[in-house]
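For reference, the chains in residue letters:
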Amino acid sequence: MVNEGKSLSEALLSAKVEGRLTVGVYECAQIMNEDPDSVSFCVLATDDFECDVALQIHFTLIQAFCFDNDISIVKVNDLKRLRNLVGAKGQDAHCVLITNPTEDSWEDPALEKLHLFCEESRSYNDWVPEITLPER
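In this report, the structure presented in the accompanying data block is examined. What you see is a predicted model, and the numbers here were worked out from it, not measured in a lab. (Residues numbered from 1 in each chain as written. Predicted model: local features only at pLDDT ≥ 70, side-chain atom pairs only at ≥ 80, totals over all residues. Heavy atoms only, no water.)

**Considering the overall build of the chain**
Each helix and strand counted, the chain has five helices and five strands in total. Secondary structure elements in the chain, listed N-terminal to C-terminal, are α-β-α-β-α-β-α-β-α-β. Scaling as 2.2 N^0.38, a compact globule of 136 residues should have a C-alpha radius of gyration of about 14 Å, and the chain matches this with 14 Å. Summarising its shape, the C-alpha atoms of the chain cover approximately 40 × 35 × 35 Å along the three principal directions. Counting over 136 residues, the chain shows a buried share of 44%. Pairs at least 24 residues apart make up 81% of the contacts formed inside the chain by residues separated by at least 6 positions. If you average the places of the 11 positive and of the 25 negative side-chain charges in the chain, the two averages end up 10 Å apart. (Helix = DSSP H or I, 4+ residues; strand = E, 2+ residues; numbered from the N terminus. Rg over C-alpha atoms; globule rule 2.2 N^0.38 Å. Buried < 20%, exposed > 50% of the residue type's maximum accessible area, 1.4 Å probe, protein only. Contact = heavy atoms within 4.5 Å. Lys, Arg positive; Asp, Glu negative; His and termini not counted. Charge placed at Lys NZ, Arg CZ, Asp CG, Glu CD.)

**Points about helix 4 (residues 79-86)**
Among the residues making up helix 4, those that are buried are Leu-79, Arg-81, Leu-82, Leu-85 and Val-86. Down the axis, helix 4 shows its buried residues gathered within 165° of arc, on one side only. After helix 4 finishes, the residue Gly-87 shows a positive phi value of roughly 70°. (Arc of directions from axis to C-beta.)

**Topic: the packing of aromatic side chains**
With the rule as written, the count across this model stands at one aromatic pair. Considering the side-chain rings of Phe-67 and Trp-127, the 6.3 Å spacing of their centres and the 70° angle between planes classify their relative orientation as edge-to-face. With a gap of 60 residues between them, Phe-67 in helix 3 (residues 53-68) and Trp-127 in the loop between helix 5 (109-123) and strand 5 (130-131) connect regions that are remote in the sequence. Residue Phe-67 is classed as partly exposed on the basis of its relative accessible area, which comes to 37%. (Phe/Tyr/Trp six-rings, centres within 6.5 Å; stacked < 30°, edge-to-face > 60°.)

**Here's the deal with the pairing of strand 3 (residues 72-76)**
With four of five residues buried, strand 3 is to be regarded as a mostly interior element. One ladder, built from five bridges, connects strand 2 (residues 39-45) with strand 3; its direction is parallel. In the strand pairing of strand 3, Cys-42 is matched with Ile-73. Judged from the two bridges that link them, strand 3 and strand 5 form a sheet pairing that is parallel. Note that in strand 5 the partner of Val-76 across the bridge is Ile-131. (Pairing = 2+ DSSP bridges.)

**Remarks on the sheet that holds strand 5**
Spatial ordering of the open sheet is given by 1-4-2-3-5, a layout of five strands whose pairing is mixed. The outermost strands of the open sheet, each flanked by one partner alone, are strand 1 (21-23) and strand 5. Of the pairings in the sheet, the one linking strand 1 to strand 4 (residues 95-99) comprises three bridges and is antiparallel in character. Across the sheet, the residue bridging to Val-23 is Val-96, located in strand 4. On the sheet, helix 4 packs against strand 1, strand 2, strand 3 and strand 4 and is oriented at approximately 140° with respect to strand 2. (Axes fitted to C-alpha atoms, helices over the stretch in contact; angles between N-to-C directions.)

**What about the environment of Val-17?**
Within the element layout of this structure, Val-17 appears in helix 1 (residues 2-17). It is 29 Å that separates the C-alpha atoms of Val-17 and Thr-60, two residues lying 43 residues apart in sequence.

In structure tokens, the structure reads:
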């Protein structure tokens, strides 16, 4: 899990620098509705998931959408760390999307590792694997 956590951190930081991050449940839902083909990866933060029924419903819908559109998806259990990583202090970071790089840019090797990890997890019937983000 350490390598996946590091790869996720690298992919999020790279996407942030390149302007390919969408942060927030509502904002992510808008992108998925308007242009699902632009979405490459989805991260859900689940640390306070159990006590919020509305958030559970949103997550269920987002997961179903990702499955239907072949979007890789993972969970992290540290909302605060995810929020700090993507620079979303004080805003909703329960859902973070990484959109596809532009056609003339290089593929992100960290993102490729994450796609392979998700594919392998699905082969073991772990449809939304959990990744632990590394300490900073």
